[in-house]
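# A look at the structure
Residue-level listing of the chains:
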Amino acid sequence: MPFVTPKSQQRTYDVIVVGSGAAGGQTAYTLSMEGARVLMLEAGRRYRPEGETPMFQTPDLAPLGGVGTPQKPFGFYDATVDGGWQVPGEPYVRTTEEHAGRFDWWRARMLGGRTNHWGRISLRNGPYDFKPKSRDGLGFDWPIGYEDVAPYYDKVELLIGVYGSSEGLENTPDSPPGCLLPPPKPIVSDYLIAQRARRLGVPAIPGHRAVLTRALDHTANPRRIHPGNERAQRILAADMASRAPCLWATPCGRGCSIRANYQSTTVHLPPALATGNLDITTDAMVYEVTLAADGHASGVSYVDRTTGAHEHASARVVVLAASACESARILLNSKSTHFPDGLANSSGKVGRYLMDTVGSDVSGQVPLLESLPPLNEDAADGHQLYTPWWLYKEQLAGKLGFARGYHIEFGGGKRMPGPGTGSGLEWLTGGNYGRKFKEDVRRYYGSFVYFSGRGEMIPNENSYCEIDPGGVKDRFGIPVLRFHWQWSEHETRQAAHMQRTFGDIIEAMGGKPQKIETDGAKAIAPGGLIIHEVGGTIMGADPRVSVTNQWCQTWDVPNLFVTDGGVFPSNADKNPTLTIMAIAWRAADHILASLRRKEL
Amino acid sequence: MDRRTTIKWMLAASAAWPAGRAAAGPPTHGTALLRPPATPGYGTDPDLVTPHKRGEFWPLTLSAAQRRLAAVLSDLIIPADEHSPSASGVGVVDFIDEWVSAPYPTQQRDRPVVLEGFAWLDAEGARRGARGFAELDAARQAAVCDLLCDATRAAPEHREAAHFFALYRDLTAAAFYSSPAGAKDLGYIGNVPLTSFDGAPPELLKKLNLT
Ligand SMILES: Cc1cc2nc3c(=O)[nH]c(=O)nc-3n(C[C@H](O)[C@H](O)[C@H](O)COP(=O)(O)OP(=O)(O)OC[C@H]3O[C@@H](n4cnc5c(N)ncnc54)[C@H](O)[C@@H]3O)c2cc1C
Ligand code: SF4
């Protein structure tokens, strides 16, 4: 009985996993496939991508052409349920609304969390990314290195399906044979961008996204993922065989009803449920980790959103995977006489060192791409190519004025026309109407390109969350977070560098950038906007200055783990989710071994 | 592509749409319904799969006369030609009515601009000897559009009306190019399932010196 209510739960479990996104999905998958009995508690509602995904729906069938509104910030068809920059009845507080110091917190309240609508960009951290402090003296090293995580990257790629290529570039790891699926073929604008960028010394190589460009090998992969566990292999093989490859249409952010991209709900949860070892309770808003008399975690308390009742569930091990800030919030709200500052917080570091990704974008118009013949450029929804960070040597030699790198996500092409297509052309045309206007739209359609820089932020003392000292509570009566945010010059200079670089590339294409912002403080997107928030429960080698050890195990409470991005002590330019899954898998392996040895 | 980027990018092409435009002056003609009736909107968990009809989530609020004017102006901006029908032929008026009647901040900011713009056009029509703008003949309607269509060159006394015109053009285009007829006009051939994806055609790459 996989989906259970508070009343139909078992009396106790081996492990409680809080949250069902990338972190919770991976943790619960690994544990239940390897035989542990798991209860997953998810605050959001049950969500069924097979029936709820608007695949081919066109914008005319949506209210307002599907444009974003405060109720659906990324557009009507975006998969997000009960979320966005605000969640109804679940506020948060920040110290300022100003661009420079604000933090925006994107959440979703649904089974699978943000993995239902994320961008699916899946890059491995490189060796430098685990030891940044050793390299340039700033921030923190991880207590583990690339070689510790690499086998887990392999497994995650084999399980979820990631396309890409191995190029042998610096700090941009190759994957072993068989791990990656072939990348989609580039479209016209990709060729032009790559040609002109290369002239400026900027590389362009195949992107990496969690999309099945062809079916996964359901014979070989399960064996590599679960060696020696035939039952798990069988269950995974059956599930893998039922995932269809990409059909080269429909935006991934709406979710994928044929299960061709990674969502926790379509990839992690089905086989985990098929083991019979996983129970899931949705609408369960966890607010506290409870303690037994001996100081071990005994379980969690939560509010059943359907009844408003306060419930408790118990287990030998508790794993928080509610997303970085929310896991920190649960710890900070788990106060007791023993732990007046919150649980697992003897270091005082819970909530500290929040990081997001440095983001800055430029778009432009390129005459060479005007009036091309009709082309189907849907591909697998973009990101055929990207640019990994390429200036390691210059940076290490101190020539750039900022310490860490960025990668470039770029694109263009004849994408599905919609409410933005014919709008705002005045910067190119002055403004027309009538036949001339229709000709303008035809001419410019498909001739725009965009460049998004995604860069590393260095953790600092002024970017953190805490329980709101003003006493604001959510609709369940749970104290909410207050956010503090500050960029350093390493980030703002990096943003200015992005702007200059993107302007140069667009000009090298013979195009016209819409706007270049050379003031880095203005060019940088506010904190949280790139939605790569990590940190808050960082891992380390020293219990005095970190919250967990290398196994995501809290120093203070041995049977309490945090397996989401909260444990990241640095936030490489690489989008975090693949690493979240790899680290969660590694932690789950450690939990399994400890359970077997009866240490937990 | 990163979903967020897609949307940001989509909006970047219309960056000036909700933001950079001056709102129209104070209401000139009484209770022109400058505020739509309060409705909760479609909520944070609407049904995404079933097609929606305009007016389903909140009532449409334009009067018959305003809708007539909306149709005339939309068709001046997007007339029928050999590629596609006119704006009003693909439901643009309903879209605009839905837009200005919606409960969200961007739309509520646009509403007075549109309603004031309509009123300005009718006053201008009257000044030019007709009952309203819709009743002017085509040549005189075009003469008014000529004054407004390029906001950077509009005379100071027409600046606000030109801002209205730019917004209205964006809304008309948004509705038109969201429709199947608009997508066809642009030669869009995607949103169909394929068994393989071939990428850029080699002949085209050769022609563009990209091989
Ligand atoms: C539009 C968008 C695009 C993105 N693109 C990319 C990308 O291309 N590449 C990339 O690497 N990352 C991307 N991300 C980030 C990515 O989504 C996150 O890194 C990832 O989902 C984090 O996984 P998580 O499990 O920690 O959190 P989530 O996926 O958010 O899951 C957390 C779950 O926990 C639940 N929860 C929260 N609080 C509680 C509680 N108190 N009790 C019970 N349950 C709770 C939530 O409801 C949610 O379901 C993107 C994000 C967005 C929004
Ligand atoms: S592009 Fe492919 S993977 Fe993405 S939603 Fe469409 S079918 Fe699914």
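## Re the overall build of chain A
Along chain A, the regular secondary structure elements total 16 helices and 20 strands. A compact globule built from 600 residues should have a C-alpha radius of gyration of about 25 Å, and chain A, at 23 Å, falls within 12% of that. Across its three principal directions, the C-alpha atoms of chain A cover 75 × 50 × 45 Å. The proportion of buried residues among the 600 residues of chain A is 69%. Summarising the internal contacts of chain A: among those between residues at least 6 apart in sequence, 73% fall at separations of at least 24. Counting every atom, chain A has about 18,700 Å² of accessible surface; 52% of that belongs to carbon and sulfur. The average position of the 62 basic charges and that of the 63 acidic charges among the side chains of chain A differ by 3 Å.

## Description of the packing of helix α13 (residues 435-444) of chain A against helix α6 (residues 159-178) of chain B
α6(B) packs onto α13(A) with a crossing angle of 60° between their chain directions and a minimal axis gap of 13 Å. Between α13(A) and α6(B), the interaxial angle falls into the category oblique. Along this stretch, α13(A) crosses α6(B), giving a crossing that reads as right-handed. When α13(A) is examined against α6(B), the residues Phe437(A), Lys438(A) and Val441(A) are found in contact with a partner set consisting of Arg169(B), Ala173(B), Phe176(B) and Tyr177(B). For the contact of α13(A) with α6(B), a count of residues per class yields 5 nonpolar, no polar and 2 charged.

## Structural notes on the sheet that holds strand β17 (residues 481-484) of chain A
Residues and elements named next belong to chain A. Strand order in the open sheet formed by 3 strands is β3-β17-β16, and the pairing between neighbours is mixed. Every other strand in the sheet has two partners, leaving β3 (93-94) and β16 (464-467) as the edge strands with one partner each. Sheet contacts for helix α10 (residues 324-333): β16 and β17; angle to β16, the most-contacted strand, approximately 35°.

## Description of the interface of chain B and chain A
Listed as interface residues are 87 residues of chain B and, on the opposing side, 95 residues of chain A. Roughly 7,700 Å² is buried in total at the junction of chain B and chain A, and carbon and sulfur atoms are behind 60% of that figure. If you look at where chain B meets chain A, you find 6 salt bridges. Between chain B and chain A we count 33 residue pairs in polar contact (both at pLDDT 80 or more) in total. Looking at the side of chain B that touches chain A, the elements with two or more residues in it are α1 (3-12), α2 (64-77), α3 (92-100), α4 (105-127), α5 (138-148), α6, α7 (180-185) and α8 (202-207) of chain B. Of the residues in the side of chain B that touches chain A, the class split is 51 nonpolar, 19 polar and 17 charged.

## Examining the side chain of Lys574(A)
Residue and element names in this part refer to chain A. The topology assignment puts Lys 574 in the loop between β20 (560-562) and α16 (577-596). The buried category is assigned to Lys 574, whose relative accessible area is 5%. In this structure the side chain of Lys 574 is engaged in a polar contact, spanning 2.8 Å, whose partner is the side chain of Asp 129. Leave out the neighbours within four places in its chain, and Lys 574 touches Leu 123, Arg 124, Asn 125, Gly 126, Asp 129, Asn 171, Tyr 392 and His 407.

## Here we look at the site of ligand 2
Residues in contact with ligand 2, as listed here, are Val211(A), Cys246(A), Leu247(A), Ala249(A), Thr250(A), Cys252(A), Gly255(A), Cys256(A), Ala260(A), Asn261(A) and Ala380(A). When grouped by side-chain class, the residues that make up the shell around ligand 2 number 8 nonpolar, 3 polar and no charged.

## What to know about the packing of helix α8 (residues 230-241) of chain A against helix α9 (residues 264-274) of chain A
Residues and elements named next belong to chain A. The interhelical angle for the contact between α8 and α9, taken along N-to-C directions, is 130°, at an axis separation of 9 Å. With respect to their mutual orientation, α8 and α9 come out oblique. The interaxial crossing formed by α8 with α9 has right-handed handedness. On α9, the residues touching Arg 231, Ile 235 and Asp 239 of α8 are Thr 266, Val 267, Pro 270, Pro 271 and Ala 274. Along the lines of polarity and charge, the residues of the contact of α8 with α9 split into 5 nonpolar, 1 polar and 2 charged.

## Concerning α5(B)
All names here are of chain B. Taken together, the buried positions of α5 are Gln 141, Val 144, Cys 145 and Leu 148. Taken down its axis, α5 places every buried residue within 100° of arc, on the same side. Among the exposed residues of α5, those pointing more than 90 degrees away from its buried face are Ala 139 and Asp 146. Turning to α5, the residues buried within the fold contact α2, α4 and α6.

## Digging into the sheet that holds strand β15 (residues 448-455) of chain A
Residue and element names in this part refer to chain A. Taken in spatial order, the 6 strands of this open sheet run β6-β13-β14-β15-β12-β18, and their pairing is antiparallel. Only two strands of the sheet have a single neighbouring strand rather than two, namely β6 (205-206) and β18 (512-513). In the sheet, strand β12 (residues 358-365) pairs with β18 via 2 bridges, with the strands oriented antiparallel. Residue Gln 365 lies in a different strand from β18, and its bridge partner there is Lys 512.

About the criteria used
- Residues numbered from 1 in each chain as written.
- Chains lettered and ligands numbered in written order.
- Predicted model: local features only at pLDDT ≥ 70, side-chain atom pairs only at ≥ 80, totals over all residues.
- Heavy atoms only, no water.
- Helix = DSSP H or I, 4+ residues; strand = E, 2+ residues; numbered from the N terminus.
- Rg over C-alpha atoms; globule rule 2.2 N^0.38 Å.
- Buried < 20%, exposed > 50% of the residue type's maximum accessible area, 1.4 Å probe, protein only.
- Contact = heavy atoms within 4.5 Å.
- Areas by Shrake-Rupley, 256 points an atom, 1.4 Å probe, with all protein chains shown as cover.
- Lys, Arg positive; Asp, Glu negative; His and termini not counted.
- Charge placed at Lys NZ, Arg CZ, Asp CG, Glu CD.
- Axes fitted to C-alpha atoms, helices over the stretch in contact; angles between N-to-C directions.
- Parallel < 35°, antiparallel > 145°, perpendicular 65-115°, else oblique.
- Left-handed = near helix turned anticlockwise from the far one by under 90°.
- Nonpolar A, V, L, I, M, F, W, Y, C, P; charged D, E, K, R; others polar.
- Pairing = 2+ DSSP bridges.
- Buried area = accessible area lost by both parts, 1.4 Å probe.
- Salt bridge = Lys/Arg side-chain N within 4 Å of Asp/Glu carboxyl O.
- Polar contact = N/O pair within 3.5 Å; in protein donor to acceptor, adjacent residues only side chain to side chain.
- Near = heavy atom within 4 Å.
- Arc of directions from axis to C-beta.

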